[in-house]
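One letter stands for each residue in the lines below.
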Amino acid sequence: MTELLKRRSVDLLVEQFWRKGYLTLSRKFGTYLPEPDSVGGFDVDIIARQKNRYAIGVTIIEEELKDPNSLMAKLKYLASRQTRAGNSPVLLFIGVKSDYIEQTKLIVDQLDEEIRKNIRLFQIADHQNLTPLRVESTSHPLFS
């Protein structure tokens with residue numbers, strides 16, 4: 001069951017990358033794309049690129065929040081990465097369920113300002129919030 005939830009979380013984070021205009025280079029649980037290599041011994045879920053800007057995506061689960069020191073070390077390491085060629089910073093996209101967004105914000109706020117500039121925090125929902133279309137109380141015929 002947790003494998004399915006992790007897969008869904010990665011899918012939702014990939015959608016956030018696409019909305020920001022990033023091209024996914026590698027991702028976990030992908031059909032056609034390869035799995036990303038670990039970065040500094042830390043597992044990453046997505047590696048993407050937008051022109052010359054690269055980004056790393058990770059999803060945070062409840063077990064990682066139980067040990068905030070190791071999570072902070074992971075986020076600090078991944079957010080301080082730079083590209084090989086241009087030494088430009090690599091953004092870190094973090095996907096978190098809505099239940100744990102506040103805990104994750106507190107951990108990110110403890111990091112240095114230079115590192116926090118490279119972190120983008122996204123709330124990922126397990127279900128899509130579908131809102132019904134607004135229905136007019138009085139309907140007027142378009143043609144008579």
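Not measured: the values here are computed from a predicted model.

### A closer look at the confidence of the model for the chain
Low-confidence regions, as indicated by low pLDDT, have predicted coordinates that should not be scrutinised in detail.
Inference 1: Overall, the prediction assigns the chain a mean pLDDT of 80, with 87% of residues at 70 or greater.
Inference 2: A low-confidence stretch, residues 129-133 stays under pLDDT 50, and its non-local contacts, those more than four residues away or across chains, total zero contacts.

### A short note on the side chain of Arg27
Inference 1: When you line up the elements, Arg27 lands in strand E1 (residues 23-27).
Inference 2: Side chain to side chain, Arg27 and Asp11 meet in a polar contact 2.3 Å long.
Inference 3: Setting aside anything within four residues of it in sequence, one finds Arg27 in contact with Val10, Asp11, Val14, Leu33, Pro34, Glu35, Pro36, Asp45 and Ile46.

### Considering the sheet that holds strand E2 (residues 46-50)
Inference 1: Taken in spatial order, the five strands of this open sheet run E1-E2-E3-E4-E5, and their pairing is mixed. Of all strands in the sheet, those bounded by a partner on one side alone are E1 and strand E5 (119-124). The sheet shows a mean angle of 25° between the axes of neighbouring strands, direction not considered.
Inference 2: Both E2 and strand E3 (residues 53-60) contribute to a ladder of five bridges, which runs antiparallel. Considered in E3, the bridge of Arg49 is made with Tyr54.
Inference 3: Across the sheet, helix H1 (residues 2-19) lies against E1, E2, E3, strand E4 (91-97) and E5, angled at about 150° from E3, the strand it touches most.
Inference 4: Seen against the sheet, helix H4 (residues 101-109) touches E4 and E5 and runs at an angle of roughly 175° to E5.

### Describing the nonpolar core
Inference 1: The biggest cluster of nonpolar side chains holds 22 residues, and the ones touching the most others in it are Val58, Ile60, Leu75, Leu92, Ile94 and Ile119.
Inference 2: Counting residues per element, the ones that place at least two in this core are E3, helix H3 (68-79), E4 and H4.
Inference 3: It is H3 that provides the largest number of residues to this core, a total of five residues.
Inference 4: When residues no more than four places from it in sequence are discounted, the contact partners of Val58 are Leu13, Asp43, Val44, Asp45, Lys74, Leu78, Leu92, Phe93, Ile94 and Gly95.

### Digging into a nonpolar patch on the surface
Inference 1: Residues Leu23, Leu25 and Tyr54 make up a contiguous nonpolar surface patch of roughly 260 Å² in combined accessible area.
Inference 2: Checked against the element boundaries, Tyr54 lands in strand E3.
Inference 3: A relative accessible area of 32% places Tyr54 in the partly exposed class.

### Here's the deal with the packing of aromatic side chains
Inference 1: Tallying each qualifying case throughout the model produces five aromatic pairs.
Inference 2: Ring geometry for Phe17 against Tyr22: centres 5.8 Å apart, planes inclined by 90°, an arrangement best described as edge-to-face.
Inference 3: Residue Tyr22 is classed as buried on the basis of its relative accessible area of 6%.
Inference 4: Among the aromatic residues, those joined into a ring-pair cluster are Phe17, Tyr22, Phe93 and Phe122.

### Description of unusual backbone geometry
Inference 1: The backbone of Lys51 shows a phi angle near 55°, a positive value even though the residue is not glycine.
Inference 2: When you line up the elements, Lys51 lands in the loop between E2 and E3.

### Overview of the environment of Thr83
Inference 1: Looking at the secondary structure, you find Thr83 in the loop between H3 and E4.
Inference 2: A residue is classified by how much of its surface remains accessible, and Thr83, at 13% relative accessible area, is buried.
Inference 3: Separated by 30 residues in the primary sequence, Thr83 and Arg53 place their C-alpha atoms 8.5 Å from one another.
Inference 4: Those residues in contact with Thr83 that lie beyond four places of it in its chain are Tyr54, Ser88 and Val90.
Inference 5: Here the side chain of Thr83 touches Asn87 through a polar contact of 3.3 Å, landing on its backbone nitrogen.

What counts and how
- Residues numbered from 1 in each chain as written.
- Predicted model: local features only at pLDDT ≥ 70, side-chain atom pairs only at ≥ 80, totals over all residues.
- Heavy atoms only, no water.
- pLDDT = per-residue confidence, 0-100.
- Contact = heavy atoms within 4.5 Å.
- Helix = DSSP H or I, 4+ residues; strand = E, 2+ residues; numbered from the N terminus.
- Polar contact = N/O pair within 3.5 Å; in protein donor to acceptor, adjacent residues only side chain to side chain.
- Pairing = 2+ DSSP bridges.
- Axes fitted to C-alpha atoms, helices over the stretch in contact; angles between N-to-C directions.
- Core = buried A, V, L, I, M, F, W, Y, C linked by side-chain atoms within 4.5 Å.
- Buried < 20%, exposed > 50% of the residue type's maximum accessible area, 1.4 Å probe, protein only.
- Patch = residues over 30% accessible without salt bridge, like charges linked within 9 Å, V, L, I, M, F, W, Y side chains within 5 Å.
- Areas by Shrake-Rupley, 256 points an atom, 1.4 Å probe, with all protein chains shown as cover.
- Salt bridge = Lys/Arg side-chain N within 4 Å of Asp/Glu carboxyl O.
- Phe/Tyr/Trp six-rings, centres within 6.5 Å; stacked < 30°, edge-to-face > 60°.

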